[in-house]
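Observations on chain architecture
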Amino acid sequence: MGPVEAPAVSAVALPRADRPLVSVVMVTFGGWALTRRALEALAEHTALPFEVVIVDNPTPEDVAARLRQELTGAEVLENDRNEGFGPAATRGAERARGELVLFLNTDTLVEPGWLEPLVGTLRSAPRAGAVVPMFLNEDGTVQEAGGLLFEDASTLMYGYGQPLTDPAYRFRRTVDYGSAACLLLRRAEFLEAGAFDPAFVPAYCEDVDLQLRLRERGRHTVYEPRSSVVHIRFGSSGLDERAAAGLVEKHEAILRERWGHILAERPPRPEAGVPEQAHRVLEARDAEAVIRVLVVAPSAPNDLLEALLERHPSGRITLLATGSPPDVDRLGGMGVECAGPLEDADSWLRSRRFHYTAVLAVAEDPDESLRAALDEHQAQAPILRCAGADEADAALIRVGVLSERLAGAPEGID
């Protein structure tokens, strides 16, 4: 009996659009098993016209050879040496043909319907310069619902380890930055902003730096939770967590030197294990929300919420439903944070102590227990009765929360 031949490995076939809308740029550095999984998910779950540009930083594993053998439909650029993530990603973007460029790590697994919400948000959200999805851990919990930035240039993955069903992580909003593990931008704006700075080679913090540069140009990063991507951390860098932490610490020093004027306005990082400082996470999340309005109502007052979002797009609008549960997906897609009905409103408000600028009570006054919790934990926020947006703005002006000049301004409060 002769030797048994190993079965042939089927190729991953990627479509190569003649006129791609999105150019997916991937940087490889070893890790072929993960890379193949990422490419298979990309081929299976992407419907919009796209192309894939892969830039290989060489390792002894010789991923470039595997790409030639087991992949069709992508353009593969081979570097002579390891240039690090940023320069390699920039090379891929320069070669890309799409109007939009999406940087995608080789340790990510995109999910069905992942791309359309990102593209739609980039095109429709005011001043959006970059869009990121909800990143998930392999166990299905949240890994990052937008990144938070603190005064020492340290960052935090907001929502890490929490259930993805928690409404706190399911609403669209502007964020400090989002991980370049899956980051969508306009290709022209990425290049005009200077692309990824090689100062951060081999990796880490180049995405924060880029998005701060975009912000200086009037463009913001938007978190879009209707898109989700599984991210297997440290799978694409070839580094363990300890080595990655060392690079992050080194590169945070560059951020502090460059962006001290912005970092000075960020809150201090909460100390781990100190419950009294937990509110700093929320403070960082909403640092740029000039007004923060808590709307308390038995059910979602849709017209009021839509008007508040339109008039005050840079504010934070939170609905606390006291009767029927709100439609989190619909309202979250608009940018409304939802909560309730709550078994323990006191605990929820305590975790957000002194956070809101005003409370708008719709249809009825808060019941005795909720009113007591508001008085204790949101004592700075006047409780105002209103039925519509005009009444709300008039009440906010009356108590001095909102200036008359800005009330109802179509550009919102900046």
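So, how was this worked out
- Residues numbered from 1 in each chain as written.
- Predicted model: local features only at pLDDT ≥ 70, side-chain atom pairs only at ≥ 80, totals over all residues.
- Heavy atoms only, no water.
- Helix = DSSP H or I, 4+ residues; strand = E, 2+ residues; numbered from the N terminus.
- Buried < 20%, exposed > 50% of the residue type's maximum accessible area, 1.4 Å probe, protein only.
- Contact = heavy atoms within 4.5 Å.
- Areas by Shrake-Rupley, 256 points an atom, 1.4 Å probe, with all protein chains shown as cover.
- Lys, Arg positive; Asp, Glu negative; His and termini not counted.
- Charge placed at Lys NZ, Arg CZ, Asp CG, Glu CD.
- Core = buried A, V, L, I, M, F, W, Y, C linked by side-chain atoms within 4.5 Å.
- Polar contact = N/O pair within 3.5 Å; in protein donor to acceptor, adjacent residues only side chain to side chain.

Observations regarding the overall build of the protein chain
A tally of regular secondary structure across the protein chain gives 14 helices and 19 strands. Considering only C-alpha atoms, the protein chain reaches an extent of 85 × 50 × 40 Å along its principal axes. Counting only residues that meet the buried cut, the protein chain has 54% of its 414 residues in that class. Sequence-distant contacts, at least 24 apart, represent 73% of the contacts inside the protein chain between residues at least 6 apart. For the protein chain, the exposed area adds up to about 18100 Å²; of that, 49% sits on carbon and sulfur atoms. Side-chain charges of the protein chain comprise 42 positive and 65 negative groups, with the mean position of each set lying 4 Å from the other.

Digging into the nonpolar core
Counting 78 residues, the largest nonpolar core has Val22, Val24, Met26, Leu39, Leu102, Phe103 and Trp114 as its most contacted members. When residues of this core are assigned to their parent elements, the largest contribution, 7 residues, is made by strand β8 (residues 128-136). Of all hydrophobic cores here, the second largest spans 25 residues; its members include Leu331, Cys338, Ala358 and Leu360.

Structural notes on unusual backbone geometry
Along the chain, Val201 connects to Pro202 via a cis peptide bond; the corresponding omega equals 10°. Structurally, the position occupied by Pro202 is in the loop between α5 (187-192) and α6 (206-216). Cis peptide bonds are those with omega within 30 degrees of zero, and the linkage from Gly340 to Pro341 qualifies with -5°. Looking at the secondary structure, you find Pro341 in the loop between β17 (337-339) and α12 (345-350).

Side note on the side chain of Glu189
Locating Glu189 in the fold gives a position in helix α5. The class for Glu189 is buried, based on a relative accessible area of 17%. Of the polar contacts made by the side chain of Glu189, one reaches the side chain of Arg219; its length is 3.1 Å. The residues contacting Glu189, other than those within four sequence positions of it, are Gly129, Leu214 and Arg219.

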